[in-house]
Every structure is written in C-alpha cells, then in structure tokens.
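In case you want the letters, here they are:
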Amino acid sequence: MPEDTSRRRPARDGSPRPERGAPDFERDVRRMFTHIAQRYEWFDHLASVGSDLVWRPRALWALDRFRSARPVERILDVGCGTGELTRLAARHYPGSRVVGVDFTAAMLRVAARRTPRGPGSPRIGYGRGTAMRLPFADGSFDLVTNAFLARNLVDLDAALTEMRRVLRAQGTLLVLEITEPSSPTFGAVFHAYFDHVVPWLGAAVDSAGPYRYLPESLRSLPPRPAFLAALERAGFARTEADTQSLGIVTTFLAEAGPPAARSR
Ligand SMILES: C[S@@+](CC[C@H](N)C(=O)[O-])C[C@H]1O[C@@H](n2cnc3c(N)ncnc32)[C@H](O)[C@@H]1O
C-alpha cells in the first residue's frame, strides 16, 4: 500500500495540525487548542449541529443511573477546556466543589471568563496541569470527568491510571468521547461528514489544521470493548458504555476498584 503522507503536510493556512506519534505531539495539541480557544465553543455547536449541547447533560444523567448513592462532594474535570462540563457538573451536584484542569492556558482563560463569580455562584476553580500527571493526592475526588479529551492523549492507559489514582475507592470516572457509530451505514455518513465537511468549515475560519486533525484523532480511539478493557487495566472494577446519537458519542462510566485491585 502506498504510504499516506497527507498527515505530514502542514495546513495551508499555517494553523497547527498535530500528528500522533510525532515527538512534538503534545506540544502541538496545546498549540492547536491555543489557536482555536476563542472560537472553540461556537464552532463545536456548529460542527455538531447543536448536539454537543445535549451530549454533556445526558452523560451526567447516565452517571446518576450508574453511580453508587454516596454523595458527590469533590469533582475533578480533566481537560476541562472552556469549562462547559465543569460548570454543568457544578450545577448538577449543587453541594460540590469542582476543579477544572487543562494544559492549555488560553482555554482556561475562556473558562474563567465564562464562569460566574460571587455569592451564590457554583464553587469552581481552574488550574493548569496535565492529565498525565495530575497535581492531586491519591483518593482526592469522588468523581473525575472528562469530555472530548481521551483521543488527544499521548498515552490513554497512563492517563486512565492517573485518574484512578486521584479517585477514592468506589468513586466514579466519566469519560465522554466521540466514537464509531453503531451502524456501518451511518458510520460511512459520519466519516464523510468529519473527513470532508468539518475540515471545510474549519478552513473557513483559518483553522484548517485543527479540523483536519479532528477526523484523524477520531480513528485513534480504541473501539468500545477495548476502551472498557483499558478501564479495567487501569483499576476500575465495574464499567459501562452508554451510547448517544446512534453511537456518535459514548459515555464510558467506571467505578474505582479497591486500591489493592490496581494493577499499576
Ligand atoms: C476537545 S477539548 C474538550 C474541552 C471540554 N472538556 C469540553 O467538554 O468541551 C480538549 C481539551 O483537553 C485539553 N487537553 C488535551 N490533552 C491534555 C492533557 N494531556 N492534559 C490536560 N489537558 C489536555 C486541551 O487543552 C483541550 O482544552
């Protein structure tokens, strides 16, 4: 088969286009999110035809069906970006304290701007940090969430293990991510849309690189059964995959096993 060199071409408008496997992959992911930070939310609403506005709340409802009845008081949202899931989680669990962590300063600046401050506002804090080494002690949280982070990670297994580490035993992990649709016919439409329409929309807003990377990143995520197996390897005892929109997105839910059950 001829070698696919298309991924190596820089975007025509000079915008960052990370390449998985390249030595600078993480740095380029950060540069990419710095580049799109200001338009991230509205572009996502446009590219998902508004669906992302229901995906996050529905993920939290699936979480409520899955998790044990223990109160949720301490929440960590990893790869929080502009804080859409962070703020929703704070409203969903009104008594909680929520921390959003991200390694892109420009995304965090938007998150801080969008988060209400003052008396009666949800208790939300943001900080800079990487999912690969979370700046928190073991067992610090009842709930760890992340949305649309997983396919950008340089090492998924290591990040899941790190998320398990900061959860208390029987705490819950929620991973919301774009996934392969359940039906192959719909999958063909889905890939045609992400491979052709989304990059075209991206090029129209000087972001050809990021929105060429997006369909590439979708193919890097393991299929649902393999993702569930990765959660188990990372020390989660009970797992579940809850699909939405014909499988375009999946909420992976996992309950932290006892520390002794952790493999690493
Ligand atoms: C697609 S955005 C998702 C943002 C947000 N969670 C949402 O629901 O819209 C992915 C975010 O993950 C962050 N990110 C990617 N890799 C990361 C890592 N290794 N550590 C921390 N943040 C990371 C990016 O900076 C970006 O803000």
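Relevant structure appears above.
This write-up is about the structure you can find in this document.

A word on the site of the ligand
Right, on to step 1. Around the ligand sit 19 residues in total, of which Gly-79, Gly-81, Thr-104, Ala-131 and Ala-147 are the nearest.
Right, on to step 2. Looking at the shell around the ligand, the elements that each hand over two or more residues are α1 (25-36) and α4 (84-92).
Right, on to step 3. Per-class residue counts for the shell around the ligand are 12 nonpolar, five polar and two charged.

Overview of the sheet that holds strand β5 (residues 167-178)
Right, on to step 1. Read across the open sheet, the seven strands follow the order β3-β2-β1-β4-β5-β7-β6; overall the sheet is mixed. Looking along the sheet, the strands with just one partner apiece sit at the ends: β3 (123-128) and β6 (236-244). When strand polarity is set aside, the average angle formed by the axes of neighbouring strands in this sheet is 15°.
Right, on to step 2. Of the pairings in the sheet, the one linking strand β4 (residues 141-147) to β5 comprises six bridges and is parallel in character. Paired with Leu-143 across the bridge in β5 is Thr-172.
Right, on to step 3. Packed onto the sheet, helix α9 (residues 224-233) meets β6 and β7 (249-256) and runs at close to 155° relative to β6.

Some points on the environment of Thr-130
Right, on to step 1. With respect to the element layout, Thr-130 can be found in the loop between β3 and β4.
Right, on to step 2. Once the C-alpha coordinates of Thr-130 and Phe-103 are considered, the two residues, 27 residues apart in sequence, prove to be 5.3 Å apart.

A few points about unusual backbone geometry
Right, on to step 1. Even without a glycine there, the phi angle at Val-49 is positive, about 50°.
Right, on to step 2. Tracing the backbone through its elements, the reader meets Val-49 in the loop between α2 (40-47) and α3 (52-66).
Right, on to step 3. In the Ramachandran plot, Leu-246 falls in the positive-phi region, its phi being about 60° despite a non-glycine side chain.
Right, on to step 4. A count of 13 C-beta atoms within 10 Å places Leu-246 in the partly exposed class.

Quick notes on the nonpolar core
Right, on to step 1. If you look at the biggest cluster of nonpolar residues, it comprises 64 residues, and the most contacted ones within it are Leu-76, Val-144, Met-163, Leu-173, Leu-176 and Leu-231.
Right, on to step 2. Looking at this core element by element, the count peaks at six residues for β5.
Right, on to step 3. Leave out the neighbours within four places in its chain, and Leu-173 touches Val-144, Met-163, Leu-167, Phe-236 and Ala-254.

Description of the pairing of β6
Right, on to step 1. In this structure, β6 lies alongside β7, joined through eight bridges in antiparallel fashion. For Glu-240, the partnering residue across the bridge sits in β7 and is Leu-253.
Right, on to step 2. Here β6 folds back onto β7 in antiparallel fashion, the turn holding four residues, of which Ser-245 has a positive phi close to 50°.

A few points about helix α5 (residues 105-114)
Right, on to step 1. Residues of α5 that are buried include every one of Met-107, Leu-108 and Ala-111, and no others. Angularly, the buried residues of α5 cover 95° about the axis, an arc narrow enough to put them on a single face. Pointing more than 90 degrees away from the buried face of α5 are the exposed residues Ala-105 and Arg-113.

Description of the packing of helix α7 (residues 184-204) against helix α8 (residues 208-218)
Right, on to step 1. Running from amino to carboxyl end, α7 crosses α8 at an angle of 160°, the nearest separation of the two axes being 7 Å. With respect to their mutual orientation, α7 and α8 come out roughly antiparallel. Judged by the twist between their axes, the crossing of α7 over α8 is right-handed. Between α7 and α8, the residues in contact are Phe-194, Asp-195, Val-198, Pro-199, Leu-201, Gly-202 and Ala-203 and Ala-208, Pro-210, Tyr-211, Arg-212, Leu-214, Pro-215 and Leu-218, respectively.
Right, on to step 2. Residue classes in the contact of α7 with α8 are distributed as 11 nonpolar, one polar and two charged.

What counts as what
Residues numbered from 1 in each chain as written. Predicted model: local features only at pLDDT ≥ 70, side-chain atom pairs only at ≥ 80, totals over all residues. Near = placed C-beta within 6 Å. Helix = DSSP H or I, 4+ residues; strand = E, 2+ residues; numbered from the N terminus. Nonpolar A, V, L, I, M, F, W, Y, C, P; charged D, E, K, R; others polar. Pairing = 2+ DSSP bridges. Axes fitted to C-alpha atoms, helices over the stretch in contact; angles between N-to-C directions. Contact = placed C-beta atoms within 7 Å. Buried ≥ 20, exposed ≤ 12 C-beta atoms within 10 Å, placed from the backbone. Core = buried A, V, L, I, M, F, W, Y, C linked by C-beta atoms within 7 Å. Arc of directions from axis to C-beta. Parallel < 35°, antiparallel > 145°, perpendicular 65-115°, else oblique. Left-handed = near helix turned anticlockwise from the far one by under 90°.

Take it as geometry only, folks, not as evidence of what the structure does.
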